[in-house]
Amino acid sequence: MRKVIGLAVLIIAGLAIAFFIYLKSPATAFSEKKQYFTLSEDSLSASLITQALLKQHIIKRGWPFQFVLKELNIAKHVKPGKYEVNKNASALSIVRMLKNNQQAAVNLVINKLRLKEDLAKLIAKNFAIDSNKVMNFMNSNDSLLPYKVDTSTVFTIIIPDTYTFYWNTSLRKIFNRLSVSDSIFWSKNDRLEKAKAIGLSPQQAYILASIVEEESNIDEERGKIASVYINRLNQNMALQACPTIKYAMKDFALTRIYEKYLFNPSPYNTYRNKGLPPGPICTPSAKCIDIVLNAPKTNYLYFVAKSDFSGYSHFSSNFAEHSFYAKQYQQALDAEMAKKQKQK
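All of the points below concern the structure found in this document.

The rules we used
Per chain, residues are indexed from 1 in the order of the written sequence. Side-chain atom pairs in this predicted model are given and counted only at pLDDT of 80 or more, local residue features only at pLDDT of at least 70, and totals for whole chains, interfaces and linings cover all residues. Side-chain measures here rest on the full set of heavy atoms in the structure, leaving out hydrogens and waters. Under the scheme used here, helices are H or I runs from DSSP no shorter than 4 residues and strands are E runs no shorter than 2 residues, and both carry numbers assigned from the N terminus. As a reference, a globule follows 2.2 Å times the number of residues to the power 0.38, and the radius of gyration itself is taken over C-alpha atoms. Throughout this description, buried means an accessible area under 20% of the type-specific maximum (1.4 Å probe, protein chains only), exposed means over 50%, and partly exposed covers the range between. Note on contacts: a residue pair is in contact if any heavy atoms of the two residues lie within 4.5 Å. In this description, accessible areas are obtained by the Shrake-Rupley approach with a 1.4 Å probe, and a residue is regarded as covered only by the protein chains that are shown. In this tally Asp and Glu are treated as negative and Lys and Arg as positive; neither His nor the chain ends contributes. Note on charges: their place is set at NZ of Lys, CZ of Arg, CG of Asp or CD of Glu. Salt bridge, as used here, is a side-chain nitrogen of Lys or Arg placed within 4 Å of a carboxyl oxygen of Asp or Glu. We call a set of buried Ala, Val, Leu, Ile, Met, Phe, Trp, Tyr and Cys residues a nonpolar core when their side-chain atoms join them within 4.5 Å. A strand pair is defined by DSSP finding two or more bridges across the two strands.

Re the overall build of the protein chain
Then, number 1: The helix and strand inventory of the protein chain stands at 14 helices and 6 strands.
Then, number 2: Here the C-alpha atoms of the protein chain give a radius of gyration of 29 Å, more than 25% beyond the 20 Å that 2.2 N^0.38 yields for 344 residues.
Then, number 3: If you line up the protein chain on its principal axes, its C-alpha atoms span 115 × 55 × 35 Å.
Then, number 4: When the 344 residues of the protein chain are sorted by exposure, 44% land in the buried category.
Then, number 5: In the protein chain, the proportion of contacts linking residues at least 24 apart, taken out of those at least 6 apart, comes to 64%.
Then, number 6: A total of about 19,100 Å² of accessible surface is found on the protein chain, and carbon and sulfur atoms cover 52% of it.
Then, number 7: For the protein chain, the distance from the average site of its 46 positive side-chain charges to the average site of its 27 negative ones is 9 Å.

Looking at the side chain of Glu221
Then, number 1: By secondary structure assignment, the location of Glu221 is in helix H11 (residues 219-234).
Then, number 2: Classification of Glu221 by relative accessible area gives buried; the value is 2%.
Then, number 3: With near-sequence residues (within four places) excluded, Glu221 lies in contact with Ser216, Gly311, Tyr312, Ser313 and Phe315.

Things to note about the pattern of salt bridges
Then, number 1: For the structure shown, the criterion picks out 8 salt bridges.
Then, number 2: The salt bridge involving Glu214 is made with Lys112; its shortest N-O contact spans 2.7 Å. Of this pair, Glu214 sits in helix H10 (residues 202-215) while Lys112 is found in the loop between strand S3 (105-109) and helix H5 (116-126), placing the two residues 102 residues apart along the sequence.
Then, number 3: A residue is classified by how much of its surface remains accessible, and Lys112, at 36% relative accessible area, is partly exposed.
Then, number 4: The salt bridge partner of Asp219 is Arg222, with a shortest N-O separation of 3.4 Å. Pair noted here: Asp219 and Arg222 are both in helix H11, with a separation of 3 residues, about one helical turn.
Then, number 5: Looking at Arg222, the relative accessible area reads 6%, which means it is buried.
Then, number 6: Three or more residues joined by partner-sharing salt bridges are found here, namely Glu213, Asp219, Arg222 and Lys287.

Quick word on the nonpolar core
Then, number 1: If you look at the biggest cluster of nonpolar residues, it comprises 59 residues, and the most contacted ones within it are Ile110, Leu119, Ile123, Met138, Phe175 and Tyr229.
Then, number 2: For Leu119, the residues in contact, after removing those within four places along its chain, are Ile110, Leu113, Met138, Phe155, Ile158 and Phe175.
Then, number 3: If you look at the next biggest cluster of nonpolar residues, it comprises 25 residues, including Ala52, Ala75, Ala89 and Val95.

A word on the pairing of strand S6 (residues 313-316)
Then, number 1: The side-chain alternation of S6 yields two buried faces, one formed by Ser313 and Phe315 and the other by His314 and Ser316.
Then, number 2: Judged from the 4 bridges that link them, strand S5 (residues 302-305) and S6 form a sheet pairing that is antiparallel. If you follow Phe303 over to S6, its bridge partner there is Phe315.

In C-alpha cells:
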C-alpha cells in the first residue's frame, strides 16, 4: 500500500513539475517577432479564450492553457481588447498579461483623407467598431453637436497625426480625443490670431487649406495659391478651384477638368458657387494649414500650371496675362494627349 501511495505521490509530483515546466516554457505557435490577437465581449470564458488563441495561432496547446485559466479563475478578469504577444512567450506570461489587462496600444494613423467613408474604414480596421456605425455617427448632427461641427464640417476637427488608443476604445472617445487635439493645435503659434487676420474662422481656414492641399504638393507654391484664394474671397469672386470639381464628382483620378464638369450642381462646385465649399475636401496636413495662415500678401487673382508640367504655376494679377498662360498650358495638354494616342 505504501508503495502504491509513494508511486502516486511521485506521479503527481512529476505531473506538477511537468506542468510547471510547461507554464515557464515557450508556448507560442508563431515564428514572427510578435503577434497580436483580439478578444471580443462574447469570448471571455476559459474555453472560448483558449479557442480564440488557438484559432489565431498564438499558442501551441489548448488544454493546459484552458486548465490554468479555469482553475486559477483567471477568465473572470479578462477584458475584451487587442493584445500583443512576443515570440516564445510562456503560457504563464500570457496568462498574467490577460489577468492584468495589459492591452496593446493601437495607433490610429491619419494622413490625407477625402471622404467620410475613408475614415470609417480606417477606424473599423483598427478598432472593434463597425464602419456603418462610424458613418451613422458622422452623418448625425446630434452626435456631432459636442464638437461644434456638422455633417459637412466634421473633418475640420481632424488634424492628421498619429493617435494612440486601445482596440476597444469607443467611437465617442476617439472623436473626443480628435477634438481635444484640434483645440490644442489652434491654441498654439498664434493660429487663431492669424486666421482672424486673414478674415477666416479656424473652420474656414481648414477648408481653404484642404483645397490648397489638393492643388499642389510644392510648399513654395502653396503659399501663393492660398493668397490667390484669399484675394478672391475678399473680392467676392468665385474660387474656381479645380480640386472641388473632382470632389463634387467623387472622381479623384481626373487629370483634366472639361467645361462640361463645371455645371455639376454640387455645393462643392466652386465654379458655380461663390465662397468656400460647405466643408473640407480632404484632411490637410498641419503644415499646409500653417502655410495658409502665413500666406504672403499678393495681388494675384489667377494661377495656372506651367506648360512644362514641372508642377509649378504662373501667377497673374490680371485676366489677360492669365489667359495667355492658360492657353499655353491647354496647348501643351492637347499635344501630350495626342502623343499618348499615337503610342496606343
